[in-house]
Amino acid sequence: MLHDSAHVPKPSLTEILFGLFLRLVSASCIWFALNYWAMLIGFSHGGAGRFDLLTPEWRAAATALAVIYPVAALGLWLLVSWGPVVWVVAAAIEIVMYEFYPASFGGRPLLVVLHAAVAVTFVLFRAAIFYQRWRLARQVRVDSP
């Protein structure tokens with residue numbers, strides 16, 4: 001007897017690892033968001049990073065990142081398509097801050113390398129998943145015409 005429902009394929013090991021990777025990036029986004037919020041409310045940096053004490057450049061950047069990072073974390077945790085897009089926006093803001101305006105924001109080369117490593121890992125995962133799906137689609141099946 002045939003089942004009425006369509007067959008839903010099981011996720012591959014690569015897809016499962018990709019989901020775990022996205023959730024790890026999500027946890028790091030929460031960490032970055034908490035750091036920015038702690039700075040803005042004066043909880044960290046001995047209160048020197050409070051919003052009213054910051055320069056206009058830092059006010060704009062820190063406020064934007066304090067809002068964008070939790071949104072990116074939510075999207076990455078839920079494994080929705082807009083999560084990585086929002087993360088790219090946040091990472092791009094930080095890369096521009098620390099690489100192109102070190103006089104205003106200081107330099108954090110390790111953070112820039114971390115963002116680049118996450119982006120490369122994301123692209124490699126997506127390429128591997130695309131290749132696996134392409135190979136699966138090209139296999140000869142019993143129900144092929």
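What you see as residue numbers is a count from 1 along each chain, following the sequence as written. Totals for whole chains, interfaces and linings use all residues, but because this is a predicted model, local features are given only for residues with pLDDT of at least 70 and pairs of side-chain atoms are given and counted only at 80 or more. Each side-chain value is derived from all of the structure's non-hydrogen atoms; neither hydrogens nor water enter the calculation.

> Help me understand the UniProt feature "transmembrane region" (unreviewed entry) in the protein, please; the structure alone is not making it clear to me.
UniProt positions are given in the numbering used here, feature names are shortened, and annotations may be inferred rather than shown by experiment. Under the present numbering, the feature "transmembrane region" (unreviewed entry) in UniProt falls on residues 20-43, 64-90 and 110-131. Helix makes up 88% of residues 20-43 and strand 0%, with an end-to-end C-alpha separation of 31 Å. Helix and strand definitions follow DSSP, with helices as H or I runs of at least four residues and strands as E runs of at least two, each counted in order from the N terminus.

> Got a minute to help me understand the side chain of S26 in this structure?
Checked against the element boundaries, S26 lands in helix α1 (residues 13-40). Within the structure, S26 has its side chain in polar contact with the backbone oxygen of A73 (distance 2.7 Å). Whenever two N or O atoms come within 3.5 Å, that pair is a polar contact, provided that in protein one can donate a hydrogen and the other can accept it, and provided that, for residues adjacent in sequence, both atoms are side-chain atoms.

> I would appreciate a short explanation of unusual backbone geometry in the present structure.
Working note: non-glycine residues mostly have negative phi, and peptide bonds are mostly trans. Within the chain, L79 stands out as a residue other than glycine whose phi angle is a positive 60°. Relative to the elements of secondary structure, L79 occurs in the loop between α2 (56-77) and α3 (82-100).

> What am I meant to see in the side chain of E94 here?
By secondary structure assignment, the location of E94 is in helix α3. A 1.4 Å probe rolled over the protein chains alone gives each residue an accessible area, and that area as a share of the maximum for its type sets the label: buried under 20%, exposed over 50%, partly exposed in between. When charges are counted, Lys and Arg are positive and Asp and Glu negative, with His and the chain ends excluded. We define a salt bridge as a side-chain nitrogen of Lys or Arg found within 4 Å of a carboxyl oxygen belonging to Asp or Glu. This buried residue, E94, is left without a salt bridge; R108 holds the nearest opposite charge, at 5.1 Å. There is a polar contact of 2.7 Å between the side chain of E94 and the side chain of H115. With residues near it in sequence (within four places) discarded, E94 still touches Y36, L65, Y69, L111 and H115. In what follows, residue pairs with any heavy atoms lying within 4.5 Å of each other are defined as contacts.

> Looking at this model, I keep getting lost on helix α5 (residues 109-138). Mind explaining?
Under the 1.5 Å per step criterion, the end-to-end length of α5 is 44 Å for 30 residues, consistent within 8% with the ideal 44 Å. All buried positions along α5 are accounted for by L111, V112, H115, V118, F125 and I129. A helix is expected to span 1.5 Å multiplied by its residue count minus one.

> What's the story with the packing of aromatic side chains in this structure? I'm lost.
The way to describe two aromatic rings as a pair is by their centre distance and the angle between their planes. Pairing of aromatic side chains requires ring centres within 6.5 Å, counting the rings of Phe and Tyr and the six-membered ring of Trp. Pairs whose planes differ by under 30 degrees are stacked, by over 60 edge-to-face, and all others tilted. Taken as a whole and judged by the stated rule, the model has seven aromatic pairs. Ring geometry for Y36 and Y69: centres 6.3 Å apart, planes at 15°, overall stacked. Residue Y36 is found in helix α1, and its partner Y69 is found in helix α2; the two are separated by 33 residues along the sequence. The exposure classification of Y36 matches that of Y69, with both residues buried. A ring pair is formed by W58 and F105, whose centres lie 5.1 Å apart and whose planes are at 70°; its orientation type is edge-to-face. Within this pair, whereas W58 is found in helix α2, its partner F105 is found in helix α4 (residues 102-105), the two being separated by 47 residues in sequence. By relative accessible area, which is 16% here, W58 ends up buried. Members of the aromatic cluster, connected to one another through ring pairs, are F18, F21, F122 and F125. Distance and angle both matter: a charge sits over a ring if NZ of Lys or CZ of Arg is within 6 Å of the ring centre and within 35 degrees of the ring normal. The ring of W77 carries R23 above its face, with NZ or CZ at 4.9 Å from the centroid. Against the face of F51 rests R59, its NZ or CZ located 5.1 Å from the ring centre.

> How should the packing of α2 against α3 be read in this particular structure?
Axis definition: a line fitted to C-alpha atoms, over the contacting stretch in the case of helices. Angles run 0 to 180 degrees between N-to-C directions. Here α2 crosses α3 at 155°, and the two axes come no closer than 8 Å. When the axis of α2 is compared with that of α3, the two are roughly antiparallel. Judged by the sense of rotation from one axis to the other, the crossing of α2 with α3 is left-handed. Each of W58, A61, L65, I68, Y69, V71, A72, L74, G75 and L76 in α2 lies in contact with α3, whose residues at this interface are W82, G83, P84, V86, W87, V89, A90, A91, I93, E94, M97 and Y98. The residue inventory of the contact of α2 with α3, partitioned by class, reads 19 nonpolar, two polar and one charged. For classification purposes, an angle smaller than 35 degrees is called roughly parallel, one larger than 145 roughly antiparallel, one from 65 to 115 roughly perpendicular, and anything else oblique. Each crossing is labelled by how the near helix is turned from the far one, with a counterclockwise turn of less than a right angle marking it left-handed and a clockwise turn marking it right-handed. Amino acid classes used here: Ala, Val, Leu, Ile, Met, Phe, Trp, Tyr, Cys and Pro are nonpolar; Asp, Glu, Lys and Arg are charged; the rest, including Gly, are polar.

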